[in-house]
Amino acid sequence: MSIEKLNAVLSAQLERFIAEPGGRGATVHLAPMGEIAGDLGLQQGLREGLGEDGVACFLQSYLRYATRLHSDGFFAHQTAPPNPGSAAAALIDGRVSNPMAIFEMGPAASTIEYALINHLLTLVGWPTPGWPEQRQPGEQVAAGVLVHGGSLGTLTALVAARTRVQADVWDRGNDPRLCLICAEGAHYAVQRAAGIMGLGRSQVIFAASDHRGALTEDGVAAALTRAAEEGRIPIALIATACSTSVGAFDPLDRIAPLCHQAGVWLHVDAAHGGAALISPVLRERLKGIELADSVVWDAHKMMRTGPLCTAVLYRDERACNAAFEQEASYLFHDKALPGFDFLHRAIECTKSAMGLKWYLALAWEGEAAIARYVERCFALTRYAWERIEADPDFEAALAPEANILCFRPLRGAGAELRLRDQLINEGRFHLSTTLFAGQRWLRIVLMSPQTDERTIDQLLERLRQEAP
Ligand SMILES: Cc1ncc(COP(=O)(O)O)c(C=O)c1O
């Protein structure tokens, strides 16, 4: 089979997978790994190779066990459902293979990342640099880089913040007075980054939060005062927009002045909620984001882009460029060639052409269409909450601010984990659970364009039948 024929065969199978109707078994088929490995013929593939015909067969088995993020009943996790624009980018990059941390390894991909970063900086509200060849000396602009995921993005931004607060950190290691400040409900990527950066648990200060788990002015002011009184040096205060568990937005416009007064770097984890910036009606939720020092924004959550693709954005280009120190003589050297190398801005050395995916996801239908998608997801979540509020058999943890909702049937408290397992096994609905305010809740994240009001009604009906 020629590669063109193979591509056509694979493409036909993939489109059938995407077009398959919902119904039982629609979201995922969980089987023991040994069984899946046997069905995929992994051992035979490793021993004998597959060849083109074998790859087509392999894909059939692979799709049997693939999770259908595009199914109307999938609302378990915050990952973008398949999108043709992003898929086209994956196909192009898969075939061309241009890891583009340095310009010469993918001039088109690098140019796209540069332009896309500028577009995102503009959405945040920051001034952007011109093309590298036309830069004016002394320009005060913002800057950024695409990295492989929100967790790595968080680490990247916090390393930059640390370099600013302790310029000699790469020579001397951490000053023992360094600390981070965040809400207890901040994504675990923050504490993970702290540990990787050599900070112990006692060096993470939790600022008090409100009933939504969101930071408050008073909580932030108290945490900053405590840090100062204890002689600590905050690397950054981390705000979240919006939170993973319940989708709550921190009041950025009210927290930022406190950070500025204290001279503390404000990092905004907008991995999920950054998408609201493209909607004229929703961007209000991130009011004050332009006052931050750095922002992390995942495309593979609400921007219809396949995993992974994360922007790390900085208000001050100098902080972005100064984050890392290491040099490699075979990569970092003066050159008269055109272009821009992203290498010095990222933890990664080799970096995939993420901008291509984000760009084609946007360009497929245009940014306004993605904005309408985000608005629809948020509105549908509000519908689900209104249904729950009006239903004596259910309770919700909070009114949703985004497309994340925590709720549970009133009967059978404590059965949330069992209910989730039961529904996943049935295959029609796929949801998650979370601990919020010390209690376990069912959690839905509405992201599939196939989900509609009928799906929500059916989910509630199914849960009503199943609750003990
Ligand atoms: C608010 C927030 N920050 C960071 C992350 C981590 O991002 P990633 O999964 O891309 O590493 C997540 C993931 O769910 C998140 O919800």
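Residues numbered from 1 in each chain as written. Predicted model: local features only at pLDDT ≥ 70, side-chain atom pairs only at ≥ 80, totals over all residues.

1. Considering the overall build of the protein
For step 1, the next point in the chain: Looking only at helices and strands, one finds 17 helices and 11 strands in the protein.
For step 2, the next point in the chain: Compactness check: the protein gives a C-alpha radius of gyration of 23 Å against a globular reference of 23 Å for 468 residues, within 12% of the reference.
For step 3, the next point in the chain: Looking at the 468 residues of the protein, the share that counts as buried comes to 42%.
For step 4, the next point in the chain: Counting contacts in the protein only where the partners sit at least 6 residues apart, residues at least 24 apart contribute 74% of the total. (Helix = DSSP H or I, 4+ residues; strand = E, 2+ residues; numbered from the N terminus. Rg over C-alpha atoms; globule rule 2.2 N^0.38 Å. Buried ≥ 20, exposed ≤ 12 C-beta atoms within 10 Å, placed from the backbone. Contact = placed C-beta atoms within 7 Å.)

2. A few points about the packing of helix α5 (residues 84-96) against helix α14 (residues 354-365)
For step 1, the next point in the chain: Orientation of α5 relative to α14, taken along the N-to-C sense of each, is 145 degrees, at an axis distance of 7 Å. α14 is crossed by α5, and the crossing has right-handed handedness. Only Leu-356, Lys-357, Leu-360, Ala-361, Ala-363 and Trp-364 of α14 make contact with α5, whose side of the interface consists of Pro-84, Gly-85, Ser-86, Ala-88, Ala-89, Ala-90, Ile-92 and Asp-93.
For step 2, the next point in the chain: When the residues that make up the contact of α5 with α14 are grouped by side-chain class, the tally is 10 nonpolar, two polar and two charged. (Axes fitted to C-alpha atoms, helices over the stretch in contact; angles between N-to-C directions. Left-handed = near helix turned anticlockwise from the far one by under 90°. Nonpolar A, V, L, I, M, F, W, Y, C, P; charged D, E, K, R; others polar.)

3. Looking at unusual backbone geometry
For step 1, the next point in the chain: Each neighbour pair has its own omega, and for Ala-241 with Cys-242 the value is 5 degrees, a cis peptide bond.
For step 2, the next point in the chain: Within the element layout of this structure, Cys-242 appears in the loop between β4 (233-240) and α11 (252-262).
For step 3, the next point in the chain: The omega torsion across Pro-307 and Leu-308 is -10 degrees, close enough to zero to call that bond cis.
For step 4, the next point in the chain: Positionally, Leu-308 belongs in the loop between α12 (299-302) and β7 (310-314).
For step 5, the next point in the chain: We note that Arg-304 has phi near 60 degrees; this positive angle belongs to a residue other than glycine.
For step 6, the next point in the chain: With respect to the helices and strands, Arg-304 occurs in the loop between α12 and β7.
For step 7, the next point in the chain: Positive phi values are uncommon outside glycine, yet Ala-437 reaches one of about 50 degrees.
For step 8, the next point in the chain: Within the secondary structure layout, Ala-437 lies in the loop between β10 (432-436) and β11 (439-445).

4. Quick notes on the domain arrangement of the protein
For step 1, the next point in the chain: Annotation of the protein at the domain level lists domain 1 (3-67), domain 2 (95-365) and domain 3 (367-466).
For step 2, the next point in the chain: Domain 2 and domain 3 are separated by 30 Å when their C-alpha centres are compared.
For step 3, the next point in the chain: On the domain 3 side, the residues contacting the 22 residues of domain 2 number 18 residues.
For step 4, the next point in the chain: Considering only residue class, the side of domain 2 that touches domain 3 consists of 12 nonpolar, six polar and four charged. (Domains from an automatic or database assignment.)

5. Looking at the packing of helix α7 (residues 150-165) against helix α9 (residues 188-196)
For step 1, the next point in the chain: Contact pair α7 / α9: the axes reach a minimum separation of 9 Å and the direction vectors enclose 50 degrees. In terms of orientation, α7 lies oblique with respect to α9. Viewed along their axes, α7 and α9 form a crossing whose handedness is right-handed. Residues Gly-150, Ser-151, Thr-154, Leu-155 and Leu-158 of α7 pack against Ala-189, Val-190, Arg-192, Ala-193 and Ile-196 of α9. (Parallel < 35°, antiparallel > 145°, perpendicular 65-115°, else oblique.)

6. Things to note about the environment of Leu-46
For step 1, the next point in the chain: Relative to the helices and strands, Leu-46 resides in helix α3 (residues 42-48).
For step 2, the next point in the chain: As for Leu-46 and Ala-379, which are separated by 333 residues in sequence, their C-alpha atoms are 48 Å apart.

7. Let's talk about the nonpolar core
For step 1, the next point in the chain: Judged by nonpolar contacts, the single largest core of 126 residues is most densely connected at Leu-180, Ala-236, Leu-266 and Leu-313.
For step 2, the next point in the chain: Here this core takes nine residues from helix α6 (residues 107-124), the largest share from any one element.
For step 3, the next point in the chain: When we break this core down by domain, the ones giving at least three residues each are domain 2 (95-365) and domain 3 (367-466).
For step 4, the next point in the chain: Residue contacts for Ala-236: discarding those within four places in its chain leaves Leu-158, Ala-161, Leu-180, Val-264, Trp-265, Leu-266 and His-267. (Core = buried A, V, L, I, M, F, W, Y, C linked by C-beta atoms within 7 Å.)

8. Structural notes on helix α17 (residues 453-466)
For step 1, the next point in the chain: Look at α17: 20 Å from first C-alpha to last across 14 residues, which is about the 20 Å you get at 1.5 Å a residue.
For step 2, the next point in the chain: Those residues of α17 lying buried are Thr-455, Ile-456, Leu-459 and Leu-463. One face of α17 carries all of its buried residues, which in axial projection span an arc of 100 degrees. Of the exposed residues in α17, those oriented more than 90 degrees away from the buried face are Glu-453, Arg-454, Glu-461 and Gln-465.
For step 3, the next point in the chain: Buried positions along α17 lie against α15 (367-389), β9 (404-409) and α16 (416-426). (Expected span 1.5 Å × (residues − 1). Arc of directions from axis to C-beta.)

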